[in-house]
Amino acid sequence: MLNPLLVLLAAILWGMTGTAQTFLNQGVSPIAVATIRSAIGGGLLLAITISLRKINFRNWSWKWTVLAATSIALFQGLFFSSIRLTGVAIGTVATIGSAPVFSGVLEWLIWKTRPTAVWGLATLMAIIGCLLLFMNNGDESVHVGGFALALCAGVSFAFYTNISKKLMAQEEALPAVAMTFSICTLFLLPFSFENGFAWLGNTHNLWTMLFMGIMCTSVAYLLFLNGLQKISSSTAVTLSLAEPLTAAILGVFFIGEQLSIVSWLGLAMLLGGIVVLTIGGRKKRKP
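Residues numbered from 1 in each chain as written. Predicted model: local features only at pLDDT ≥ 70, side-chain atom pairs only at ≥ 80, totals over all residues. Heavy atoms only, no water.

Caption draft 1: Broad picture of the packing of aromatic side chains. Taken as a whole and assessed by the stated rule, the structure comprises 10 aromatic pairs. An angle of 85° between the planes, with centres 5.6 Å apart, marks the rings of Trp-14 and Phe-157 as edge-to-face. Of the two residues, Trp-14 sits in helix H1 (residues 2-21) while Phe-157 sits in helix H6 (residues 144-168), which places them 143 residues apart along the sequence. With respect to class, Trp-14 is no different from Phe-157; both count as buried. Residues Trp-14 and Tyr-221 carry aromatic rings whose centres are separated by 4.9 Å and whose planes lie at 50° to one another, so their mutual orientation is tilted. In this pair, Trp-14 sits in helix H1 while Tyr-221 sits in helix H8 (residues 203-228), placing the two residues 207 residues apart along the sequence. For the residue pair Trp-14 and Tyr-221, the accessibility class agrees, reading buried in each case. Taken together, the aromatic side chains of Trp-14, Phe-75, Phe-79, Phe-157, Tyr-160, Phe-181, Tyr-221 and Phe-224 make up a single cluster linked through ring pairs. (Phe/Tyr/Trp six-rings, centres within 6.5 Å; stacked < 30°, edge-to-face > 60°. Helix = DSSP H or I, 4+ residues; strand = E, 2+ residues; numbered from the N terminus. Buried < 20%, exposed > 50% of the residue type's maximum accessible area, 1.4 Å probe, protein only.)

Caption draft 2: Here's a closer look at the nonpolar core. Counting residues in hydrophobic clusters, the biggest one holds 73 residues, and the most contacted among them are Tyr-160, Met-209, Phe-224 and Leu-225. Sequence-distant contacts of Phe-224, defined by excluding residues within four places in its chain, comprise Leu-6, Val-7, Ala-10, Trp-14, Phe-157, Tyr-160, Thr-161, Ala-236 and Ser-240. (Core = buried A, V, L, I, M, F, W, Y, C linked by side-chain atoms within 4.5 Å. Contact = heavy atoms within 4.5 Å.)

Caption draft 3: Layout of the environment of Ser-29. With respect to the helices, strands and loops of the structure, Ser-29 is situated in the loop between H1 and helix H2 (30-51). Judged by its relative accessible area of 13%, Ser-29 is buried. In sequence terms Ser-29 and Leu-245 are 216 residues apart; their C-alpha atoms lie 25 Å from each other.

Caption draft 4: Summary view of the environment of Thr-235. If you trace the backbone, Thr-235 turns up in helix H9 (residues 233-239). Overall, the relative accessible area of 16% leaves Thr-235 in the buried class. Each C-alpha atom, one on Thr-235 and one on Ala-122, is 9.2 Å from the other, the two residues being 113 residues apart in sequence.

Caption draft 5: The arrangement of the packing of helix H7 (residues 173-188) against H8 in detail. It is at 9 Å that the axes of H7 and H8 come closest, and there the two elements cross at 130°. Between H7 and H8, the interaxial angle falls into the category oblique. The handedness of the crossing between H7 and H8 comes out as right-handed. Where H7 abuts H8, its residues Ala-173, Leu-174, Ala-176, Val-177 and Phe-181 lie against Thr-217, Tyr-221, Leu-222, Leu-225 and Asn-226. (Axes fitted to C-alpha atoms, helices over the stretch in contact; angles between N-to-C directions. Parallel < 35°, antiparallel > 145°, perpendicular 65-115°, else oblique. Left-handed = near helix turned anticlockwise from the far one by under 90°.)

Shown next as C-alpha cells:
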C-alpha cells in the first residue's frame, strides 16, 4: 500500500506545478521555466548525492539515464508550452489523462507486460473523467496546437516512466533523480538563452521557482521513483492522474477557473479510478 501512496503524493505535488507557473510574470519562456526547475531540483539532489558519496560516475547506468533525461526534458518543454495555450486544467488533464494509455501500450510493446484488468478498469474510469473535465472549456474553444502539445507531453511522460523503471533496477532513487534532472538541464539550456534569465531577479519569481524546483521536482520525483520500484509503470502513470485532479481543484480555488457540474463529475470519476487501482492492486497482492 505504501508504494501507491508515494506515487499519489508525487502526483499531488506535480499538480501544483501548473498553478505555480501562473504566478510567474507574463512573458517568461516555458522552456526557461523547465530549465530552472530542473537545475534547482537536479542540482540540489546532485550536491547531496555527491556529499553522501552515493554515486559512482564510472559505473553509472548512463544509457538509461540519458534516455530518461531526454524524455523528461521533452515532457517539461511540451507540458509548460501546452498549459500556456490551453490553460492549467485542460493542459494538465490532456497531458496526464493520455499518459496511462500510452504507458500501458509502451509497457506491453517494450517489456512484453500485459496490463491487468484492474488497471484497465481504473484507466477507463480515469479517461472518462478526463473527458468530462475536458468539456469544461466555457465559451472558449480549445487551442488545437496546445492540445497536440499536451498529447505529445503525455507520450514523453509515458516513455520517462518506462525508462525509469529500468533505471531503478540498477540505481538508487536519490542519485537517479539527481543525474536525470542535471542532464535534463543541460539538454534544455541551449533553448533557454533567447529570453534570458533576468526574470529571476524578481523575488516573487525566484520564490516560485524554488518551490517548483524543490517540492515539485526534487521531492516529487524522489517519491515517484521510490513508489515505482514495486508497482508497474502503467499503474504508476494511472495513479499520477491525481495530478490533474489536484490541478483542476487548485485552478478553481486559486486562479478563478470555473468548473461545471459535468466537470465535477469528471473529477469524481478520476478519483474513483485512482481508488479502484489502489484498492484493487492491494487485494491482488494479499494472496
